[in-house]
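Report on the structure
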Protein chains: 2
Amino acid sequence: MAMGREERPDNGLPAEFGFIARVFRPLAGEGALDLRDDAAVFTPPAGRQLVVAADAMVEGVHFLPDDPADTVGRKLLRCNLSDLAAMDATPLGYLLTVSMPPARDEAWFAGFAAGLAHDQRQFGITLLGGDTTSTSGPLVLSLTVLGHVAPGMALRRCGARVGDGLWVTGTIGDGAMGLLARQGKVADPDGFLAGRYQLPRPRLGLALGGIASAGMDVSDGLVQDLGHMARESGVGAVLHAGQVPLSPAVRALGPQWLARCLSGGDDYELLLAVPPEQEAALQRHAARRDVSVTRIGQVVAGCGVRVLDENGQDMPLARRGWSHLPEGARDQDSSDLS
Amino acid sequence: MAMGREERPDNGLPAEFGFIARVFRPLAGEGALDLRDDAAVFTPPAGRQLVVAADAMVEGVHFLPDDPADTVGRKLLRCNLSDLAAMDATPLGYLLTVSMPPARDEAWFAGFAAGLAHDQRQFGITLLGGDTTSTSGPLVLSLTVLGHVAPGMALRRCGARVGDGLWVTGTIGDGAMGLLARQGKVADPDGFLAGRYQLPRPRLGLALGGIASAGMDVSDGLVQDLGHMARESGVGAVLHAGQVPLSPAVRALGPQWLARCLSGGDDYELLLAVPPEQEAALQRHAARRDVSVTRIGQVVAGCGVRVLDENGQDMPLARRGWSHLPEGARDQDSSDLS
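A quick note: this is a predicted structure, and the numbers were derived from the prediction, not measured.

Attention now moves to the overall build of chain A. If you tally the helices and strands in chain A, you get nine helices and 11 strands. Counting across all 338 residues of chain A, residues that qualify as buried make up 67%. Considering only residue pairs separated by 6 or more positions, chain A has 85% of its internal contacts joining residues 24 or more positions apart.

Have a look at this one:
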């Protein structure tokens, strides 16, 4: 595409090709054709459905300009893998587009790619393709992840039924507190919280397709995301704030941060609706992957989310989650798209 | 993800959900689950390989800030469809991430989506998923397209053989001249050139898998892209500048623009290497889709691209194509990644 800078005429090749070769080609898998063609080609796993998701991250919005380059790459990948985990899918590979400001040099991207390489090994996936462009604005990263799932077994948000228990994996609020720690607003003596903000842990491989009746990942605030699940399922939900699992690092900050933990983003834990008769199976599957699961509430008739404190009283929340749009595109509409 | 703006507390839902519902949900296909879940789920066509590609477009780099919103959406989609056409693949669907500056309001995105809706109908595809974020910089759009192809039949860049003829579809240089026309640098009385810059025509459906020995789409300049094909195939190429098909609108601008047409971007035509015995089949397949094809040179032993003028003399070219990276990430390396 045109309007970019002209190539340097000294070798007949734009420098972007050398950059891509050095930085990104080592990440490419078999189907990516070494990133030498216009597209990647691969054979989908026989008898499986495909699962695809895309997320973008913008410098200054989803990560801090001075976050380590390797964690930026890994966070981007892990946020997308978390979307696959929410559907109980197995990852296959990913595509990446990078819109680069002049201030980010190749050394930064080498670190970024090293982070991706690390996580590719950890999660058993490879880069399938992508694109690099320049931008005069902040760094923008967009990643599309592909995975697969047994036909009809993908977890959905819309399947929660009255009587189901509500469960979460791991601990809630670490990401939100980690952002505050990175901004110097709360203490984080051992860097645990900052680490949780910078490196989500996608809860892949729990094999919950036949166990949970609904599932999603918690990325924009637990209460808000639970509201999405309730709305899509046509039910209400009760959340017991005192049962929400908190890490020792968050507990050490004091109870005044609880509301923030319930509405902060960047958890990347799974929220699950599980019928009582499946609770033992849930705990067995989670233990197999060394993932903690905690019951935090229940699905009820009606609509909306009630958040109850330890005395069973409705807990006031100044906000329930996060939005990512500029003011011009926002309004008072209460459409239920999640 | 956090660090975005907080939701408006008045209705318990971030305004982005209403925006997405109004603007993007009408584009969603069956597998997209109405964009209500974390990912899309679909069953890949039986017995086919999948083909995936991703391209990003940045305001001020790949399109002009005042380009009509509908053509920006359509150009983004068509650039990606052109990558599928280059592999002889059939499109299935796409994912889209949008990083929005505050200055673009919902009316702009309504136009953007209307363009996508138009082209979805034209090309028989739907939106599978995506993400919207805010950015303080220019608008960044990233699109991943999925398609399918018969096993082993995807066209590659690396298959050109000595003796093949080199062919292109359509006409070359309209996009580059269209950009100049949009910038007021050349005349474009009927808007044909600007239209070609704003709306590429992906050459899908030519069914060239068994006919061409190599193929790619011309997006970054014909001479440079031919260089990629030659390098990947381990051959040289001779290009007869006088045989390169030009539109009447480009011819009317005068011969001084020829070099620019050979090195300008935004053609989105196919470059094909075709053995002599397949030329009749090529012409038959192209005629079936009402696409012109023109022989512009031949594959030769050796390496590099020679561009010959009408007298058979080497034609000097100030540049061969375009690069899209900021200065920091560029260098003198001549790696052969395309």
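Right, let's get into the pairing of strand S3 (residues 90–100) of chain A. For a regular strand, side-chain orientation follows a simple rule: the groups alternate between the two sheet faces. All names here are of chain A. The element S3 is extensively covered by neighbouring structure, given that nine of its 11 residues are classed as buried. With nine bridges joining them, S3 and strand S5 (residues 140–149) adopt antiparallel strand pairing. Bridging from a neighbouring strand, leucine 95 pairs with threonine 144 of S5. Across eight bridges, the pairing between S3 and strand S4 (residues 126–134) is parallel.

Residues and elements named next belong to chain A. Going through the model one piece at a time under the given rule, you end up with eight aromatic pairs over all chains. For the ring pair phenylalanine 24 and phenylalanine 112, a centre distance of 6.5 Å and an interplane angle of 85° mean the geometry is edge-to-face. Separated by 88 residues along the polypeptide, phenylalanine 24 in the loop between helix H1 (15–23) and strand S1 (40–42) and phenylalanine 112 in helix H3 (residues 106–123) bring together distant segments of the chain. Phenylalanine 24 gets classed as buried once you look at its relative accessible area, which sits at 4%. Geometrically, the ring pair formed by tryptophan 108 and phenylalanine 109 is edge-to-face, given 5.0 Å between the ring centres and 80° between the ring planes. The class of phenylalanine 109 is buried, set by a relative accessible area of 0%. For the cation-ring pair, lysine 75 lies above tyrosine 197, with the distance from its terminal atom to the ring centre recorded as 3.7 Å.

Before going further, it helps to spend a moment on the confidence of the model for chain A. Atom-level detail of predicted coordinates should not be read off regions where pLDDT is low. All names here are of chain A. In this model, chain A carries a mean pLDDT of 88, and residues with pLDDT of at least 70 account for 88%. Taken together, the stretch residues 1–14 has pLDDT below 50 and engages in 69 contacts with residues farther than four places along the chain or on a different chain. Residue range residues 324–338 is modelled with pLDDT below 50. Its contacts to residues more than four positions away, or to other chains, number 72 contacts.

Further remarks concern the sheet that holds strand S7 (residues 214–218) of chain B. Residue and element names in this part refer to chain B. Taken together, six strands build an open sheet; the order of strands is S7-S9-S6-S10-S8-S11 and the sheet is mixed. Two strands close off the open sheet at either side, each with one partner strand: S7 and strand S11 (304–308). For this sheet the average axis-to-axis angle between neighbouring strands, irrespective of direction, equals 25°. Across five bridges, S7 lies against strand S9 (residues 269–274) in antiparallel orientation. From the neighbouring strand, glycine 215 faces S9, where its bridge partner is leucine 272. Here helix H6 (residues 222–233) sits on the sheet and contacts strand S6 (165–169), S7, strand S8 (236–240), S9, strand S10 (293–300) and S11; the angle it forms with S7, its principal contact strand, is near 155°.

This part takes up the UniProt feature "binding site: Mg(2+) 4" (unreviewed entry) in chain A. Within this numbering scheme, the UniProt entry marks Asp38(A) and Asp83(A) as carrying the feature "binding site: Mg(2+) 4" (unreviewed entry). Checked against the element boundaries, Asp38(A) lands in the loop between H1 and S1. On the basis of relative accessible area, Asp38(A) is assigned to the buried category, the value being 10%. Each residue touching Asp38(A), except ones within four places of it in the same chain, is listed here: Ala53(B), Asp83(B), Ala86(B), Met87(B), Arg157(B), Gly215(B), Met216(B) and Asp217(B). Looking at where Asp83(A) falls in the secondary structure, it is placed in helix H2 (residues 69–86). Given a relative accessible area of 8%, Asp83(A) falls into the buried group.

What counts, and at which threshold
Residues numbered from 1 in each chain as written. Chains lettered and ligands numbered in written order. Predicted model: local features only at pLDDT ≥ 70, side-chain atom pairs only at ≥ 80, totals over all residues. Heavy atoms only, no water. Helix = DSSP H or I, 4+ residues; strand = E, 2+ residues; numbered from the N terminus. Buried < 20%, exposed > 50% of the residue type's maximum accessible area, 1.4 Å probe, protein only. Contact = heavy atoms within 4.5 Å. Pairing = 2+ DSSP bridges. Phe/Tyr/Trp six-rings, centres within 6.5 Å; stacked < 30°, edge-to-face > 60°. Lys NZ or Arg CZ within 6 Å of the ring centre and 35° of its normal. pLDDT = per-residue confidence, 0-100. Axes fitted to C-alpha atoms, helices over the stretch in contact; angles between N-to-C directions. UniProt positions renumbered as here; feature names shortened; annotations may be inferred.

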